[in-house]
Amino acid sequence: MSSAPLLDVRDLHKHFPVGEKGLFGAHKQLLKAVNGVSFSLERGQCLGLVGESGCGKSTVARAVVGLHPATSGSIRFDGNELVGLSTRGWLPYRRKIQMIFQDPYASLDPRQTVSSILTEPSKIHGLSKPRERKLHAMQLLEAVGLNPRHINRYPHEFSGGQRQRIGIARALALEPELLICDEPVSALDVSIQAQIINLMGELKERFNLSYLFIAHDLAVVRHICDSVAVMYLGRVVEQASRDEIFNDPRHPYTKSLLSAVPVPDPELERARERIVLEGDVPSPLDPPPGCSFAPRCPWRHEVPDDRCNREIPELVERDGRKRSCFLPLAH
């Protein structure tokens, strides 16, 4: 088995043209949704990708699965380059990389029965005979905790949590190695969220899956993920193991994110330090020069020569963890 990461993303960019075209046919503005993202995911692990809304998490997910072709950079899956592949070249990876979408109401075709939804992937890839597909679909329903006898029902006959279970079953239909989970529980009630997260943990062990888990709820990330990558304005600013991120954050933005998470103990909540950031998140249409977090960083004045506003810090690995910051580790 290869020792390389299952998923290795390097300097990924995804820019969207905005507005009218200029004199020579080029768009006057580019929305830099993803602007140099790098991270890696080991086989059998769950990597959480976190950050504020609009930081580019979902765009990264769609680029990895091939829904948004990358503008530039590298996405290597099991050592094979995915960027630049043709539609035919993507076919073998469609089976190995699947996606669980955020909205269980919009991600299922209301005109199809559950049977049709779960057998369609195998039919497209020509993997089995019709009778075998139906049996496999019933097994998938049972695996995600639904009654196989309900296979001929339509999505509107299920609750939101049940629909998301169907979405998970569909993602498992082709026996993938990697699941891209784009905020899979954010649209569900809190009690249902716990059930779905526990189910995903069980499926990960049962089917030897790897997860790229996109989320903004840090409590969910802490429960299911093995490592965490923190994004800010289209870049990864820190990546480390789950315990290192939550117990010893090294980047100022990571510290501010964690300081905003409420603590259930009133005395600890009153005593702990809160980091209140200045200003708003800059626009991806016009990102600031240098470090994208510098305009809001409480410690930027401690870096000499105004370096934070002039240079973009690289994502550097040290002691098994990665950080993109000019500040000394004491911060």
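Residues numbered from 1 in each chain as written. Predicted model: local features only at pLDDT ≥ 70, side-chain atom pairs only at ≥ 80, totals over all residues. Heavy atoms only, no water.

A. Broad picture of the overall build of the chain. Assigned secondary structure in the chain consists of 10 helices and 12 strands. Against the globule reference of 20 Å for 331 residues, the chain gives a C-alpha radius of gyration of 21 Å, in line with a compact fold. Expressed along its principal axes, the backbone C-alpha trace of the chain runs to roughly 70 × 60 × 45 Å. Looking at the chain as a whole, 47% of its 331 residues qualify as buried. Long-range contacts, defined as pairs at least 24 residues apart, comprise 64% of the intrachain contacts of the chain with a sequence gap of at least 6. (Helix = DSSP H or I, 4+ residues; strand = E, 2+ residues; numbered from the N terminus. Rg over C-alpha atoms; globule rule 2.2 N^0.38 Å. Buried < 20%, exposed > 50% of the residue type's maximum accessible area, 1.4 Å probe, protein only. Contact = heavy atoms within 4.5 Å.)

B. How the structure looks around the pattern of salt bridges. Summed over all chains, the structure comprises 16 salt bridges. Salt-bridge contacts for Asp109 lead to Arg111; the nearest nitrogen and oxygen are separated by 3.4 Å. Its relative accessible area of 24% is what places Asp109 among the partly exposed residues. The exposed category is assigned to Arg111, whose relative accessible area is 70%. A salt bridge links Arg310 to Glu311, with the nearest nitrogen and oxygen atoms 3.9 Å apart. Assessed through its relative accessible area of 49%, Arg310 is described here as partly exposed. In the salt-bridge network here, residues are joined through shared partners; they are Glu238, Asp248, Arg250 and Arg321. (Salt bridge = Lys/Arg side-chain N within 4 Å of Asp/Glu carboxyl O.)

C. Region of interest: the side chain of His251. Its place among the elements puts His251 in the loop between helix 8 (242-247) and helix 9 (252-259). For His251, a relative accessible area of 1% translates into the label buried. Engagement of the side chain of His251 in a polar contact is seen with the backbone nitrogen of Tyr253, the distance being 3.0 Å. The residues touching His251, leaving out its near neighbours within four places in the chain, are Val237, Glu238, Phe293, Arg323, Ser324 and Cys325. (Polar contact = N/O pair within 3.5 Å; in protein donor to acceptor, adjacent residues only side chain to side chain.)

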